[in-house]
Amino acid sequence: MRFLSTRGGVAPATLSEAVLRGLADDGGLYVPERVPQVEVETAADDLAGAAVATLAPYFEGDALAPALSDIVREAFDISCVLSPLPDADGPSALLELFHGPSAAFKDFGARFLASCMARLARPGDPVRTILVATSGDTGGAVAAAFHGRPGFRVVVLYPDGLISARQEHQLTAWGGNVHAFALAGRFDDCQAHVKRALGDAALVRAHALGSANSISLGRLLPQVAYYVWAARGFRAGHGASPGFLVPTGNLGNALACVLARAMGAPIGPIVLCLNANRVLLQFLEQGEYLPQPSIATIANAMDVGAPSNLERLSTLFPDSAALRRGLEARSYDDDAIRAAIVAAHARYGVVACPHTATALAELMRRRDAGDARPWIAVATAHPAKFDTVVEPLLGQAIDVPAALRTTLERPSQRHVLEADYGAFVRALRELDPLP
Ligand SMILES: *Cc1c(COP(=O)(O)O)cnc(C)c1O
């Protein structure tokens with residue numbers, strides 16, 4: 001399989017090249033040259049088996065192909081739970097993707113990317129510095145995935161004061177080869193610095209800079225696997241193809257769901273569940289893409305005003321009328337998210353994070369409107385990461401999962417950076433040389 005840039009300005013790349021580059025040299029995102037079909041019926045029942053069957057066609061002919069099952073074993077060493085909901089109005093389930101080290105679905109993509117990159121490193125290569133801008137969860141997942149890996153260093157930029165205390169702790173408690181900086185600015189500033197640095201050829205050479213942000217193909221592809229696994233498991237139990245309700249920001253996770261359906265997984269309608277950032281809703285309803293500055297919400301990992309994966313969606317599925325028949329969007333503001341956290345707890349006994357609450361809000365809205373079809377709501381993060389939002393609403397303490405507790409118990413150190421790009425470049429230069 002070869003991979004093309006969404007902007008069509010570069011030669012096709014192999015999987016390995018696309019994974020290492022992150023962004024194509026023309027500024028586009030890599031997409032597969034065609035959408036392969038997955039043998040859903042013959043894929044193994046377990047998540048790793050489904051992942052190998054789903055990903056094999058993308059790895060075909062690449063140097064990494066012989067390592068696919070090892071990569072999957074390493075990256076999918078996280079449980080993925082399809083938990084039925086006590087829903088009197090129709091069959092429904094929660095797909096819990098938050099059992100990894102950073103307690104959010106991004107662990108799957110980050111660990112898969114790290115496993116691929118580690119195998120592509122050659123003896124004598126300089127230490128690669130992976131740059132990440134994060135609005136909360138990406139940085140923690142990437143830090144966890146690369147922490148302690150020889151040959152790699154991670155530099156995380158996050159907006160000072162705009163992420164939850166526990167999210168910040170998950171970025172700043174690693175030490176070793178992970179460096180996190182609180183930028184005196186917004187997420188957009190963090191992202192602008194990272195983009196500018198990755199576009200500066202001299203700086204890229206000097207520090208062997210690489211990227212691990214959500215547009216990297218190595219993060220997108222593994223996410224397709226859990227949709228194939230969940231849809232197949234659900235249909236085996238209920239005899240019907242589930243629709244998916246996916247909390248969405250930059251459209252990485254939901255695009256994986258659309259790809260899984262296009263590959264032949266038994267998936268019905270897909271609903272993008274948004275917070276107050278409504279750009280994707282406008283795109284689907286009016287067919288026009290109008291990026292906006294992001295709006296800060298309590299579901300902060302979805303505060304995206306210019307969802308970059310939309311470019312992938314439009315390239316892979318150019319017939320927008322056909323696409324819109326199976327894809328909808330709904331937006332929930334902070335008040336509606338808070339109300340859904342309370343209502344989902346009362347109705348289903350689920351303690352949801354603010355992101356997951358958008359999917360549950362949509363499930364409850366549909367049930368109340370008489371929709372009885374099977375739905376899977378996607379749970380993208382563990383509620384304990386957002387304790388300051390969820391605990392006061394439910395009036396109860398949330399148990400912290402073991403992996404998160406381990407991180408939260410480590411000492412952390414804050415490093416604040418001025419907002420200007422020069423300060424960021426100086427900080428890069430001042431990092432200790434690694435052996
Ligand atoms: C990143 C994230 C999202 C949004 O995912 P996208 O792939 O950016 O659409 C939703 N929920 C949580 C908890 C996240 O960390």
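Values in this document were obtained by computation on a predicted structure and should not be read as measured data. (Residues numbered from 1 in each chain as written. Predicted model: local features only at pLDDT ≥ 70, side-chain atom pairs only at ≥ 80, totals over all residues. Heavy atoms only, no water.)

Asks: Honestly, the site of the ligand in this entry has me stumped. Any pointers?
Replies: Of all residues adjacent to the ligand, which total 14 residues, the nearest are K106, D137, G249, N250 and T380. A distance of 2.8 Å separates an oxygen atom of the ligand from a polar atom in the backbone of N250. A total of 380 Å² of accessible area belongs to the ligand in isolation, and the protein chains cover 98% of it. Under a 2 Å grid-point criterion requiring more than half of the atoms, the pocket assigned to the ligand is the largest pocket. (Near = heavy atom within 4 Å. Polar contact = N/O pair within 3.5 Å; in protein donor to acceptor, adjacent residues only side chain to side chain. Areas by Shrake-Rupley, 256 points an atom, 1.4 Å probe, with all protein chains shown as cover. 1 Å grid on protein atoms, 1.4 Å probe; cavity = no way out; pocket = protein on both sides within 12 Å on 5 of 7 lines; lining within 4 Å. Sits in = over half its atoms within 2 Å of the grid points.)

Asks: What exactly am I supposed to notice about the side chain of D137 here?
Replies: Among the structural elements, D137 can be located in helix α5 (residues 137-146). By relative accessible area, D137 is classed as buried at 4%. Side-chain polar atoms of D137 contact the side chain of Q167, separated by 3.0 Å. Here D137 is in contact with A104, K106, Q167, A301, A381, K385 and F386, once residues within four sequence places are set aside. (Helix = DSSP H or I, 4+ residues; strand = E, 2+ residues; numbered from the N terminus. Buried < 20%, exposed > 50% of the residue type's maximum accessible area, 1.4 Å probe, protein only. Contact = heavy atoms within 4.5 Å.)

Asks: Looking at this model, I keep getting lost on helix α15 (residues 354-368). Mind explaining?
Replies: Given 3.6 residues per turn, any residue in an α-helix points the same way as the ones three and four places further on. Here α15 spans 21 Å end to end across 15 residues, near enough to the 21 Å set by a 1.5 Å rise per residue. Taken across its 15 residues, α15 has 13 buried, putting it largely inside the fold. Within two residues after α15, G370 carries a phi angle of roughly 95°, on the positive side. (Expected span 1.5 Å × (residues − 1).)

Asks: Is there a simple way to think about the sheet that holds strand β4 (residues 92-96) in this case?
Replies: The strands that make up a sheet pair up through hydrogen bonds in the backbone, lying either parallel or antiparallel. The mixed open sheet is built from 6 strands, whose spatial order is β3-β4-β12-β9-β10-β11. Edge strands, defined here as strands with exactly one partner in the open sheet, are β3 (81-84) and β11 (327-331). Taken over all neighbouring pairs, the strand axes of this sheet differ in orientation by 25° on average, direction set aside. Pairing geometry for strand β10 (residues 270-274) and β11, over 5 bridges, is parallel. Counted as the bridge partner of L272 is A329 from β11. Contacting β3, β4, β9 (243-247) and β12 (375-379), helix α9 (residues 217-238) crosses the sheet at an angle of about 150° to β4. Where helix α11 (residues 279-286) meets the sheet, it contacts β10 and β11, and its direction lies at approximately 135° from that of β11. (Pairing = 2+ DSSP bridges. Axes fitted to C-alpha atoms, helices over the stretch in contact; angles between N-to-C directions.)

Asks: Could you clarify how one ought to interpret the packing of helix α4 (residues 106-120) against α9 in this entry?
Replies: The description of two helices packed together rests on the angle between their axes and the distance between the axes. The interhelical angle for the contact between α4 and α9, taken along N-to-C directions, is 125°, at an axis separation of 8 Å. Judged on the interaxial angle alone, α9 and α4 are oblique. Where α4 crosses over α9, the handedness of that crossing is right-handed. Mapping the contact onto sequence places K106, F108, G109, A110, F112 and L113 in α4 and G218, R219, P222 and Y226 in α9. Grouping the amino acids of the contact of α4 with α9 by side-chain chemistry returns 6 nonpolar, 2 polar and 2 charged. (Parallel < 35°, antiparallel > 145°, perpendicular 65-115°, else oblique. Left-handed = near helix turned anticlockwise from the far one by under 90°. Nonpolar A, V, L, I, M, F, W, Y, C, P; charged D, E, K, R; others polar.)

Asks: Even after reading the chapter, I still don't get the nonpolar core, so can you show me in this structure?
Replies: As a rule of thumb, soluble globular proteins bury nonpolar side chains together. Residues F59, L95, F112, Y227 and F244 are the most contacted members of the largest nonpolar core, which totals 98 residues. Counting residues per element, this core draws most heavily on α9, which supplies 12 residues. Ignoring anything within four residues of it in the chain, the contact list for Y227 reads L95, F244, V246, N253, A256, C257, A260, I267 and V378. Membership of the second largest hydrophobic core comes to 38 residues, among which are A299, A384, V390 and L394. (Core = buried A, V, L, I, M, F, W, Y, C linked by side-chain atoms within 4.5 Å.)

Asks: I tried to follow the packing of aromatic side chains on my own but got confused; where do I start?
Replies: A ring pair, where both rings are aromatic, is described by two values, the distance of the centres and the angle of the planes. For the structure on display, the rule yields 8 aromatic pairs. Ring plane angle 45° and centroid distance 5.6 Å describe the contact between F76 and F108, whose orientation is recorded as tilted. With F76 in the loop between α3 (68-75) and β3 and F108 in helix α4, this pair connects stretches of sequence that are 32 residues apart. Its relative accessible area of 7% is what places F76 among the buried residues. Both rings, one in Y226 and one in Y227, keep their centres 5.1 Å apart while their planes meet at 50°; by these two values the pair is tilted. This pair shows no difference in class: Y226 is buried, exactly as Y227 is. Members of the aromatic cluster, connected to one another through ring pairs, are F59, F76, F108, F112, Y226, Y227 and F244. A cation sits over an aromatic face here: R373 above W375, 5.5 Å from the ring centre. (Phe/Tyr/Trp six-rings, centres within 6.5 Å; stacked < 30°, edge-to-face > 60°. Lys NZ or Arg CZ within 6 Å of the ring centre and 35° of its normal.)

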